[in-house]
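For reference, the chains in residue letters:
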Amino acid sequence: MVIHRPISTSLRLALPRSAGDRLSGPLSRRLDDRFHYLRRVLAGGKEPIEAVVVGPGGTWALTLRAKPGRYRKRNGHWYHWSEATDSWIPWDAAPITGARLAGRRLEMYLERATLPASVTACLAPPRGVEIEWDAGQRPGVQVIREVDALAARIGAGETLPRGQVERIVALLDPRQPLPRLARSPGTGAR
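Note that the structure is predicted; figures quoted are calculated from it, not measured.

Engineer: What am I meant to see in the overall build of the protein here?
Structural biologist: Counting secondary structure elements, the protein contains 5 helices and 10 strands. Out of the 190 residues in the protein, the part that is buried amounts to 38%. Of the contacts formed within the protein by residues at least 6 apart in sequence, a portion of 58% connects residues at least 24 apart. By element, 51% of the accessible surface of the protein is carried by carbon and sulfur atoms, the whole surface being about 11,500 Å².

Engineer: Would you take a moment to explain the nonpolar core for this structure?
Structural biologist: Across soluble globular proteins, nonpolar side chains show a tendency to be buried alongside one another. Core analysis: the biggest nonpolar cluster contains 18 residues, and Leu23, Leu27, Tyr37, Leu62 and Leu150 have the highest contact counts within it. Every element with two or more residues in this core is listed here: β3 (49-55), β4 (58-63) and α4 (147-155). If you tally residues by element for this core, the top one is α4, at 4 residues. Once residues within four sequence positions are removed from consideration, Leu62 is found in contact with Leu23, Leu27, Tyr37, Ile49, Glu50, Ala51, Val53, Cys122 and Leu150.

Engineer: When you look at the side chain of Ser82 in this model, what are you seeing that I'm missing?
Structural biologist: Of note, Ser82 is situated in strand β6 (residues 77-82). Within the structure, the side chain of Ser82 is placed 3.4 Å from the backbone nitrogen of Ala84, a separation counted as a polar contact. Apart from residues lying up to four places away in sequence, Ser82 is in contact with Ser87 and Ile89.

Engineer: Can you help me understand the environment of Lys67 in this one?
Structural biologist: Along the chain, Lys67 turns up in the loop between β4 and β5 (69-74). For Lys67, a relative accessible area of 64% puts it in the exposed group. Lys67 sits 28 residues away from Pro95 along the chain, and the two C-alpha atoms are 8.2 Å apart.

Engineer: In this structure, what is going on with the packing of aromatic side chains? I would like to understand it.
Structural biologist: Each aromatic ring pair is summarised here by two numbers: the centre-to-centre distance and the angle between the ring planes. In total, this model carries 3 aromatic pairs according to the counting rule given. With a centroid separation of 5.8 Å and 80 degrees between ring planes, the pair formed by Trp78 and Trp91 is classed as edge-to-face. Here Trp91 lies in the loop between β7 (87-90) and α3 (94-112) and Trp78 lies in strand β6, a separation of 13 residues in the sequence. Take Trp78: its relative accessible area is 11%, and that puts it in the buried class. Where Trp81 meets Trp88, the ring centres are 5.3 Å apart and the plane angle is 70 degrees; that geometry is what we call edge-to-face. Classification of Trp88 by relative accessible area gives partly exposed; the value is 22%. Here the aromatic cluster, defined as three or more aromatic residues joined through ring pairs, consists of Tyr71, Trp78 and Trp91.

Engineer: Explain the sheet that holds β5 here, please?
Structural biologist: Across a sheet, strands are paired by hydrogen bonds formed along the backbone, either parallel or antiparallel in direction. Pairing is mixed across the open sheet formed by 4 strands, whose spatial order is β7-β6-β5-β9. Of all the strands in the sheet, the pair left with one neighbour each is β7 and β9 (129-133). Strand-to-strand twist across the sheet, computed as the mean angle between neighbouring axes with direction ignored, equals 30 degrees. Here β5 runs beside β9; their pairing, made up of 5 bridges, is parallel. Directly across from Gly69, in β9, lies its bridge partner Val129.

Parameters and conventions
- Residues numbered from 1 in each chain as written.
- Predicted model: local features only at pLDDT ≥ 70, side-chain atom pairs only at ≥ 80, totals over all residues.
- Heavy atoms only, no water.
- Helix = DSSP H or I, 4+ residues; strand = E, 2+ residues; numbered from the N terminus.
- Buried < 20%, exposed > 50% of the residue type's maximum accessible area, 1.4 Å probe, protein only.
- Contact = heavy atoms within 4.5 Å.
- Areas by Shrake-Rupley, 256 points an atom, 1.4 Å probe, with all protein chains shown as cover.
- Core = buried A, V, L, I, M, F, W, Y, C linked by side-chain atoms within 4.5 Å.
- Polar contact = N/O pair within 3.5 Å; in protein donor to acceptor, adjacent residues only side chain to side chain.
- Phe/Tyr/Trp six-rings, centres within 6.5 Å; stacked < 30°, edge-to-face > 60°.
- Pairing = 2+ DSSP bridges.
- Axes fitted to C-alpha atoms, helices over the stretch in contact; angles between N-to-C directions.

This is the structure we're talking about:
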């Protein structure tokens, strides 16, 4: 997997660099170089999308952060397990809503650029986060904790041809060279 690093002001100012995220290394060991991993992608919003994976299996918007705890969707509402009261209390599902909206924002950004706009929104929570839902109460995003399962889902299928992958990556990482367009037979100067 090709990992695209964001432009950092710390490089220009000789400040210590922040470490990479927890998924780029494990995913790069499981996915080949047909896949691209982009961190902190600005796609039409003020807040960057934490990570985007683009490859033959499609485009994935990944949200990596969530507050530790137990969460459950039941009867159309989200709840958080409170240790203090030993019960489920109402919860504002900001990480789940944020993950879903990041995927939608990326879809709209790709659509405006006339690129394939199918994006899978995924919340990849860290250890210590349990997210459950009752049957028929899907959260609107993929919730995948295990790196092997995430890599298998990302790598499944061949929905994007190589040229489309290159165009999406060039749009999301402006430092990339633009892909060459194939010339149609019978066109050109004589």
